[in-house]
Each structure stands twice: as C-alpha cells, then as structure tokens.
Amino acid sequence: MNFKIPASVALAVALCASFTPLFAHHGTGVAYDTEKTVTVKGVVTEWIWANPHCGLLFDAADEKGNVVHWGVEMGNPHQESGAGFSKDVFKAGDKVTVSGHPAKSGAPRMTGSRFVFDDGRVLPEKHTKGNGEESPDSQY
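Because the structure is predicted, anything quoted here is derived from the model rather than measured. (Residues numbered from 1 in each chain as written. Predicted model: local features only at pLDDT ≥ 70, side-chain atom pairs only at ≥ 80, totals over all residues. Heavy atoms only, no water.)

Pairs can form between side chains of opposite charge whenever their charged atoms are close. Scanning the model with the defined rule gives three salt bridges in all. Glu-73 is paired through a salt bridge with Arg-109; the nearest N and O atoms lie 3.8 Å apart. Of this pair, Glu-73 sits in strand β3 (residues 67-73) while Arg-109 is found in strand β5 (residues 109-111), placing the two residues 36 residues apart along the sequence. Asp-119 is paired through a salt bridge with Arg-121; the nearest N and O atoms lie 3.0 Å apart. By relative accessible area, which is 41% here, Arg-121 ends up partly exposed. (Salt bridge = Lys/Arg side-chain N within 4 Å of Asp/Glu carboxyl O. Helix = DSSP H or I, 4+ residues; strand = E, 2+ residues; numbered from the N terminus. Buried < 20%, exposed > 50% of the residue type's maximum accessible area, 1.4 Å probe, protein only.)

Okay, the side chain of Asp-94 next. Mapped onto the elements, Asp-94 comes out in the loop between α3 (77-81) and β4 (95-100). The side chain of Asp-94 is buried and forms no salt bridge, while Arg-121, the nearest opposite charge, is found at 5.3 Å. There is a polar contact of 2.8 Å between the side chain of Asp-94 and the backbone nitrogen of Lys-91. (Lys, Arg positive; Asp, Glu negative; His and termini not counted. Polar contact = N/O pair within 3.5 Å; in protein donor to acceptor, adjacent residues only side chain to side chain.)

Let's shift gears to the packing of aromatic side chains. Tallied over the full model, the rule gives eight aromatic pairs. With a centroid separation of 5.8 Å and an interplanar angle of 50 degrees, the aromatic rings of Trp-47 and Trp-49 are classed as tilted. Each member of the aromatic cluster is reached from another via a ring pair, and the members are Trp-47, Trp-49, Phe-85, Phe-90, Phe-115 and Phe-117. Above the face of the Phe-117 ring, Arg-121 is positioned so that its terminal group lies 3.8 Å from the ring centre. (Phe/Tyr/Trp six-rings, centres within 6.5 Å; stacked < 30°, edge-to-face > 60°. Lys NZ or Arg CZ within 6 Å of the ring centre and 35° of its normal.)

Now for the nonpolar core. Core analysis: the biggest nonpolar cluster contains 20 residues, and Leu-56, Phe-58, Phe-85, Phe-90 and Phe-115 have the highest contact counts within it. Elements supplying a minimum of two residues to this core: β1 (38-48), β2 (55-61), β3, β4 and β6 (114-117). Those residues in contact with Phe-85 that lie beyond four places of it in its chain are Trp-47, Trp-49, Met-74, Glu-80, Phe-90, Phe-115, Leu-123 and Pro-124. (Core = buried A, V, L, I, M, F, W, Y, C linked by side-chain atoms within 4.5 Å. Contact = heavy atoms within 4.5 Å.)

The next point concerns the pairing of β6. It is a general feature of regular strands that their side chains alternate between the two faces of the sheet. Residue alternation in β6 divides its side chains into a buried set, Phe-115 and Phe-117, and an unburied set, Arg-114 and Val-116. The pairing of β4 with β6 spans four bridges and is antiparallel. Along β6, the bridge assignment pairs Ser-99 with Arg-114. Alignment of β6 against strand β7 (residues 122-123), held across two bridges, turns out to be antiparallel. Following the sheet pairing, Phe-115 is matched in β7 by Leu-123. Where β6 hands over to β7, the hairpin turn is made up of four residues, of which Gly-120 adopts a positive phi near 100 degrees. (Pairing = 2+ DSSP bridges.)

Moving on to the sheet that holds β3. With mixed pairing, the seven strands of this open sheet are ordered in space as β5-β3-β2-β1-β4-β6-β7. Unpaired on one side and paired on the other, β5 and β7 mark the two borders of the sheet. Summarising the sheet, β3 and β5 pair through three bridges and their orientation is parallel. Looking at β5, one finds that Val-72 is bridged to Met-110.

Written out as structure tokens, the structure reads:
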C-alpha cells in the first residue's frame with residue numbers, strides 16, 4: 001500500500017512545529033514564588049551577561065556554615081543596562097547581598113530584584129520593563 005501525505009497537510013505540520021519554541025518561554029511566576037522574598041549575603045563567583053537572561057552565581061553560607069551555591073536569574077542585557085547593570089558590574093570575589101523571589105522548588109535560586117554591594121552601592125538604580133523603559137518601583 002502506498003500512502004501519500006497531501007502537501008497542505010505537510011505544510012501545516014511544518015508550520016506548527018516551527019512555532020512551538022515561541023510557547024516555551026516561561027513567566028517568573030512559574031518557577032519562582034512571587035509572594036515571598038529572600039535576602040542572601042555572599043561572594044560572587046560568576047557574572048553572566050548574555051541573552052536570553054543575565055545571571056549571577058554566588059556562594060553563601062547556610063545556617064550551619066556550609067557553602068551553598070546560589071544562582072540569580074535576571075532580565076536580558078538590554079533591560080538590565082537600563083537599570084544600571086553592565087557586563088563588568090560584578091567581579092568574582094565581590095561581596096554582595098541579593099534580594100529576590102525564591103525558587104518554588106526550594107533550590108538555591110532566585111530572581112534578582114535588589115543587589116547591595118559591600119561598598120554600599122545599590123542596584124538596580126531604577127526598575128525597568130522588558131523593553132528597557134522605566135517602571136514604577138516595586139517593593140524596593
């Protein structure tokens with residue numbers, strides 16, 4: 001038996017498959033508990049300035065003195081540059097206090113909403129929307 005797929009069906013399947021990645025992006029509320037805020041003090045190990053999200057990795061001690069490797073998810077470089085961040089704002093070894101919404105899973109991850117450096121500098125300088133426009137301040 002010889003079975004042929006009509007060209008219109010093949011085209012429809014190909015188009016649907018090509019649009020699937022557009023639905024893969026998640027909102028902050030999916031992975032993070034936006035009803036809670038945590039504040040953690042630690043030492044920067046890596047600053048990632050890249051699309052689709054910038055990220056900060058840092059080490060902090062837990063209540064027993066054990067080192068916990070934290071990760072902070074942030075917006076894209078365009079959005080973050082509008083709030084005062086840059087590709088060289090953090091260096092390995094910087095002491096920083098980070099506040100944000102914790103991961104729902106309990107993993108040592110959070111969104112980054114406020115960063116206080118050991119020298120007193122605070123970022124973001126202003127809160128921005130995804131398009132880089134200034135938005136009203138959140139709770140910080």
